[in-house]
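An overview of the molecular structure
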Protein chains: 4
Amino acid sequence: MKILVTGFDPFGGETVNPAYEAVKLLPDTIAGAQIIKLQVPTRFALSGTVLEAAVNEHRPDAIICVGQAGGRSAITPERVAINLADANIPDNAGDQPMDEPIRKDGAPAYFTSLPVKAMVQKMRAAGIPAALSYTAGSFVCNSLMYTLLYLIDRQYPAMRGGFIHVPYAMEQAVSKPLGTPSMELHQIARGLALAVEAVVENERDLTVNR
Amino acid sequence: MKILVTGFDPFGGETVNPAYEAVKLLPDTIAGAQIIKLQVPTRFALSGTVLEAAVNEHRPDAIICVGQAGGRSAITPERVAINLADANIPDNAGDQPMDEPIRKDGAPAYFTSLPVKAMVQKMRAAGIPAALSYTAGSFVCNSLMYTLLYLIDRQYPAMRGGFIHVPYAMEQAVSKPLGTPSMELHQIARGLALAVEAVVENERDLTVNR
Amino acid sequence: MKILVTGFDPFGGETVNPAYEAVKLLPDTIAGAQIIKLQVPTRFALSGTVLEAAVNEHRPDAIICVGQAGGRSAITPERVAINLADANIPDNAGDQPMDEPIRKDGAPAYFTSLPVKAMVQKMRAAGIPAALSYTAGSFVCNSLMYTLLYLIDRQYPAMRGGFIHVPYAMEQAVSKPLGTPSMELHQIARGLALAVEAVVENERDLTVNR
Amino acid sequence: MKILVTGFDPFGGETVNPAYEAVKLLPDTIAGAQIIKLQVPTRFALSGTVLEAAVNEHRPDAIICVGQAGGRSAITPERVAINLADANIPDNAGDQPMDEPIRKDGAPAYFTSLPVKAMVQKMRAAGIPAALSYTAGSFVCNSLMYTLLYLIDRQYPAMRGGFIHVPYAMEQAVSKPLGTPSMELHQIARGLALAVEAVVENERDLTVNR
């Protein structure tokens, strides 16, 4: 099995992005699956282009995009991406779309095809705070997840894809307001590796309550 | 103009639901619009039936459903409802759907047709914490919002509809962990009244960033 | 009975201070006690001077100083003031003491003589989130509380005194990060009035667990 | 130099206490100082007895007691202990003191003699969220810190002593409400080691603002 794992570059004034920093820490093989790592730019337009090129090149069995959700205390696989781009801050190219669809011919939303409940269960069993999330927001993270699931829907129905949001790295929380939760980068990477394992082990998601 | 405003009955061990308590406090006329108030049960199946009957009977110009989002500090109009019912706790009828679509023939999601940015702006200008939300969860709140927007899509395309989540009432927060935010019921009602005004005043939503 | 209730003026870039705004809303008589209201400056040195002058002039039976604790969700009577001034930001006179004692000949700390458990119980019974606090910080709030209790210790042993921290007013939370709790000003005033009642009704504090 | 570092055993229904778990991970020598590790019981009376015996036996140059502060996101050296025991839950011996002084002949409070600002600065420089705290609460943590500083005040004026509160371990946060911050145990241990280094390196605390 071949799994593409992407992480964003820093944005919003940060000097690191825990998403790609953690992705870099992943081993090259997890549970027998080959891991392909890719940094994507925090840019509405280009992130999708870069992802699409990598998917076309590598034809992975599954794609997991990873992004930073500052303020969350847990690793949160996303269930759904919505066809809406609405940015509070400019992306790294200076683009700031407002109330725009991501794909004019796309569905209003796409649900992830990753086994998100299995991922959460596996991380929690290993002592890592994890939870399902029902919103990837309306910035570049949601946009990339939507673009991925649109691509799968149109061209690669056998591929599985989705998105995982991760907390701030500890280093980032040092300069944030007291009370801001964070997670150490190697722990984020450990959680991501377990999530990858869940993808390898679960063709279909668990039928469990969270 | 005629506006139907609904609020849920208590659930999850609570003795009150700030949603309907606040709806009850609304005047019968706001900005010239007639307000019709309706309590709906916190039940997956019945809530939609009760709402649909009221819509068919009153043929309102707009429908605003209101629900409790314990732990939020602000009044949060929802942008989108997703076609997914996945309950962590049983509803008031004991039903606890898991990973089920709400309408098998429905879209994956429906966006609200209410002017949610105008609502938020109006509440904030009046000193009431308010913000857009991109998830109504996967319990009965999302289910009712989805059912409403499905109904509008299929039968009443000229109607506008959506959902607003409100914080715990102050009385509820007394018995919650220290730090749990809340809002006084009359303030929630004041916020809802301003949201109704925004519906009356804005045929289309504002094109602004949040 | 005569009760002096003070509130600070705005500081730290705020245009209002919910403390004095709420104090202004108090009636002139509560539970038979005469209420004297006083605004004090958010200045290390001057706040104590202004308070001391008012105490000398009015000889109240009890003094309740009120201050803003931005980020708290509940009204929190303070149990103890410490002999330490250590400021992260300048006060309204530009003073920013670092690791200094407030009174060189003072005790390391003074405990409040107000019935704080009775106050909390009374507010909670009325549906107002309230809790004991064990720190008034190291800025002007703690300094004023310490100065008051030092004055009582040295000159007015029959007087009772203490401090209550209150949340941001709702209007303030509008421009704070999403999630910041707040309380409507009339509710803060209602809580303070109940706290005053508890002072009138309880010569000694309740012997209860929180 | 010889430094005694203590950590509590689990309490309040927890199966681990991150305090002693992290203390156990410390090396036996830090910055040239010998580290003596001691588990203390979460019991009002016995914790002090056990600590006092160890101090009498080892005559350390400095003592750092460590405890769990569930809900905090950062490692927080405490500045002050107050002469008050007031428990919301029973300790591990079933004792639940209410509004009692810890030492009838003790000062109202003792300030730590550890270089807490240097500790915080050193941890933050290493990417570990850390902050000063002004309250150790009124349960066993405060009681042990107070007992230590009382002992130093009466018998060992050349010793330095204080207390550090640490967040939940990640494993604990898994079963706490979503949003509960935590820190990985090795990171807590890394922070504690840096705090010990700060004690070795700083005879007196830094004169800096936080």
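Values in this document were obtained by computation on a predicted structure and should not be read as measured data. (Residues numbered from 1 in each chain as written. Chains lettered and ligands numbered in written order. Predicted model: local features only at pLDDT ≥ 70, side-chain atom pairs only at ≥ 80, totals over all residues. Heavy atoms only, no water.)

Here we look at the sheet that holds strand β5 (residues 76–77) of chain A
All names here are of chain A. The line we're drawing: Paired strands, in this sense, are two strands between which DSSP finds at least two bridges. Elements are defined by DSSP. Helices are runs of H or I of four residues or more, strands are runs of E of two residues or more, and each kind is numbered from the N terminus. Contact criterion: two residues are considered in contact whenever any of their non-hydrogen atoms come within 4.5 Å of each other. With axes taken as lines fitted to C-alpha atoms, and helix axes fitted only over the stretch in contact, angles between N-to-C directions fall between 0 and 180 degrees.
A sheet is described by the order of its strands in space; here six strands give the open sequence β2-β3-β1-β4-β8-β5, paired in mixed fashion. Only two strands of the sheet have a single neighbouring strand rather than two, namely β2 (29–30) and β5. Note: β5 against strand β8 (residues 160–166), two bridges, orientation antiparallel. Within β8, the position partnered with T76 by the bridge is H165. Seen against the sheet, helix α4 (residues 140–155) touches β1 (2–8), β3 (33–40), β4 (62–68) and β8 and runs at an angle of roughly 170° to β8. Contacting β1, β2, β3, β4 and β8, helix α6 (residues 185–201) crosses the sheet at an angle of about 160° to β8.

Side note on the interface of chain A and chain B
Heads up, the rule is: Values labelled buried area give the accessible surface lost by two parts on being combined, using a 1.4 Å probe and summing over both. Definition used for salt bridges: Asp or Glu carboxyl oxygen within 4 Å of a side-chain nitrogen of Lys or Arg. Residues are sorted three ways: Asp, Glu, Lys and Arg are charged, Ala, Val, Leu, Ile, Met, Phe, Trp, Tyr, Cys and Pro are nonpolar, and all the rest, Gly among them, are polar.
Chain A puts 24 residues into the contact, and the matching count from chain B is 24 residues. Carbon and sulfur atoms make up 53% of the area that chain A and chain B hide from each other, which totals about 2100 Å². Broken down residue by residue, the surface that chain A buries against chain B is led by F111, Y134 and N209 of chain A, which jointly contribute 24%. Across the chain A-chain B interface, the total number found is eight salt bridges. Within the residue set of the side of chain A that touches chain B, elements represented by two or more residues are β6 (80–82) and β7 (109–111) of chain A. Residues that form the side of chain A that touches chain B fall into these classes: twelve nonpolar, seven polar and five charged.

Quick word on the pattern of salt bridges
Tallying each qualifying case throughout the model produces 48 salt bridges over all chains. D86 of chain A serves as the salt-bridge partner of R79 of chain B, at 2.7 Å between the closest nitrogen and oxygen. Taken together, the positions of R79 of chain B in the loop between β5 (76–77) and β6 (80–82) and D86 of chain A in the loop between β6 and β7 put the pair across two chains. One network of salt bridges, with partners in common, ties together R79 and K117 of chain A together with D86 and D99 of chain B.

Structural notes on unusual backbone geometry
Residues and elements named next belong to chain D. Stated formally: The classification of residues rests on relative accessible area computed with a 1.4 Å probe and restricted to protein chains. Under 20% of the type maximum is buried, over 50% is exposed, and intermediate values are partly exposed.
Here R59, not a glycine, exhibits a phi torsion of approximately 45°, which is positive. Among the structural elements, R59 can be located in the loop between α2 (44–58) and β4 (62–68). At D99, a position not held by glycine, the phi torsion is positive, near 55°. Tracing the chain through its elements places D99 in the loop between β6 (80–82) and β7 (109–111). Exposure remark for D99: the relative accessible area of 29% places this residue in the partly exposed category.

Structural notes on the relation of the copies chain A and chain B
Applicable threshold: The least-squares superposition of copies is restricted to C-alpha atoms, and to residues with a pLDDT of at least 70 in both copies.
Take chain A, turn it by 180°, move it 0.0 Å along the axis, and it overlays chain B with an RMSD of 0.0 Å. Each copy turns onto its partner about a two-fold axis. Taken as a fraction of all interface residues of chain A, those also at the interface in chain B reach 100%, which identifies the copy contact as same-surface.

Structural notes on the UniProt feature "active site" (unreviewed entry) in chain A
Residue and element names in this part refer to chain A. Put simply, the test is: UniProt positions are given in the numbering used here, feature names are shortened, and annotations may be inferred rather than shown by experiment.
Mapped onto this numbering, the UniProt entry annotates "active site" (unreviewed entry) at E78, C141 and H165. In three dimensions, the annotated residues from a span of 88 residues occupy one location, with a maximal C-alpha spread of 10.3 Å. C141 sits in the buried class, given a relative accessible area of 7%. Here H165 lies in strand β8.

So, the packing of aromatic side chains
Let me state the cut-off plainly: Geometry of aromatic contacts follows a simple scheme: Phe, Tyr and Trp rings, the Trp one being its six-membered ring, pair when their centres are within 6.5 Å, and the pair is stacked under 30 degrees between planes, edge-to-face over 60, tilted otherwise.
All chains considered together, the criterion is met by 17 aromatic pairs over all chains. Residues F8 of chain B and F163 of chain B carry aromatic rings whose centres are separated by 6.3 Å and whose planes lie at 40° to one another, so their mutual orientation is tilted. Here F163 of chain B lies in strand β8 (residues 160–166) and F8 of chain B lies in strand β1 (residues 2–8), a separation of 155 residues in the sequence. Ring pairs connect the aromatic residues F11, F44 and F139 of chain A, which therefore count as one cluster.

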